[in-house]
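Residue-level structural notes
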Amino acid sequence: VTLFYESAEYISIDRATTACRMLEEVLETKSESVAAYAARGIIINHYLRYEGNPGRAMLQAYSIIAESSRPAVTAALESPHTYDWVKALIEYNLAHAYHNLDKYAEAKAVIDSLLARYPNAGWPSYVAGYAQAFIYEELNPQDLEGTLAAYQAYMTAQLDSPFIP
């Protein structure tokens, strides 16, 4: 799902918009799937980044929160056959949804859990580490030293990451 959208986004914003609409069609036909859950996270970013439509993004965020306890999603999280990076991405989508709804304490709880369970799950863990520092800043806007320390801890932890150029 992610690769489908990102390859269209690479070509043009118009193609990304077309891909977004196609993903919305997936939601209508496969609403009880992990693919639909993943599509919602991509659609949120599209609405915020390219369409300037926070209302539609919020509706998708609420849907992610509601769907996080559905059988398809919980089964994927509980299955020993699901890769850790997929589990981490599922949880990251939930944290991102909470963050987009300004529910920072809930987002922090999900991110902290994700990093405790999947510290080396590739890109999702990398982005979650950044989100942890960013959410700290959101929750503690007056604590500049603590915010700087949170970002420094993140960068120190990522020095050997393949995601840092």
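Residues numbered from 1 in each chain as written. Predicted model: local features only at pLDDT ≥ 70, side-chain atom pairs only at ≥ 80, totals over all residues. Heavy atoms only, no water.

Looking now at the overall build of the protein. Along the backbone of the protein there are 9 helices and 0 strands. Counting helices and strands in the order they occur from the N terminus, the protein gives α-α-α-α-α-α-α-α-α. For a compact globule of 165 residues, the expected C-alpha radius of gyration is about 15 Å, and the protein comes in at 16 Å, within 12% of that figure. The principal-axis extents of the C-alpha atoms in the protein amount to approximately 45 × 40 × 30 Å. The contacts in the protein between residues at least 6 apart in sequence include a share of 52% that link residues at least 24 apart. Of the side chains in the protein, 11 bear a positive and 20 a negative charge, and the two mean positions are spaced by 7 Å. (Helix = DSSP H or I, 4+ residues; strand = E, 2+ residues; numbered from the N terminus. Rg over C-alpha atoms; globule rule 2.2 N^0.38 Å. Contact = heavy atoms within 4.5 Å. Lys, Arg positive; Asp, Glu negative; His and termini not counted. Charge placed at Lys NZ, Arg CZ, Asp CG, Glu CD.)

Here the focus is the nonpolar core. The tendency in soluble globular proteins is for nonpolar side chains to be buried side by side. One finds Tyr5, Tyr92, Ile111 and Leu114 to be the most contacted residues of the largest nonpolar core, which totals 41 residues. Listed by contribution, the elements that provide at least two residues to this core are helix H1 (2–11), helix H2 (13–29), helix H3 (34–51), helix H4 (54–67), helix H5 (71–78), helix H6 (84–100), helix H7 (104–117) and helix H8 (123–139). In this structure, Ile111 is in contact with Tyr92, Ala95, Ala128, Ala131, Gln132 and Ile135, ignoring residues within four places of it in sequence. (Core = buried A, V, L, I, M, F, W, Y, C linked by side-chain atoms within 4.5 Å. Buried < 20%, exposed > 50% of the residue type's maximum accessible area, 1.4 Å probe, protein only.)

What follows concerns the packing of H6 against H8. H8 packs onto H6 with a crossing angle of 25° between their chain directions and a minimal axis gap of 9 Å. Taken together, H6 and H8 sit at an angle that is classed as roughly parallel. Crossing of H6 against H8: the hand is left-handed. Residues Trp85, Ala88, Leu89, Tyr92 and His99 of H6 touch H8, and the partners they reach there are Trp123, Pro124, Val127, Ala128, Ala131, Phe134, Ile135 and Glu138. Here the residues of the contact of H6 with H8 are counted per class, giving 11 nonpolar, 1 polar and 1 charged. (Axes fitted to C-alpha atoms, helices over the stretch in contact; angles between N-to-C directions. Parallel < 35°, antiparallel > 145°, perpendicular 65-115°, else oblique. Left-handed = near helix turned anticlockwise from the far one by under 90°. Nonpolar A, V, L, I, M, F, W, Y, C, P; charged D, E, K, R; others polar.)

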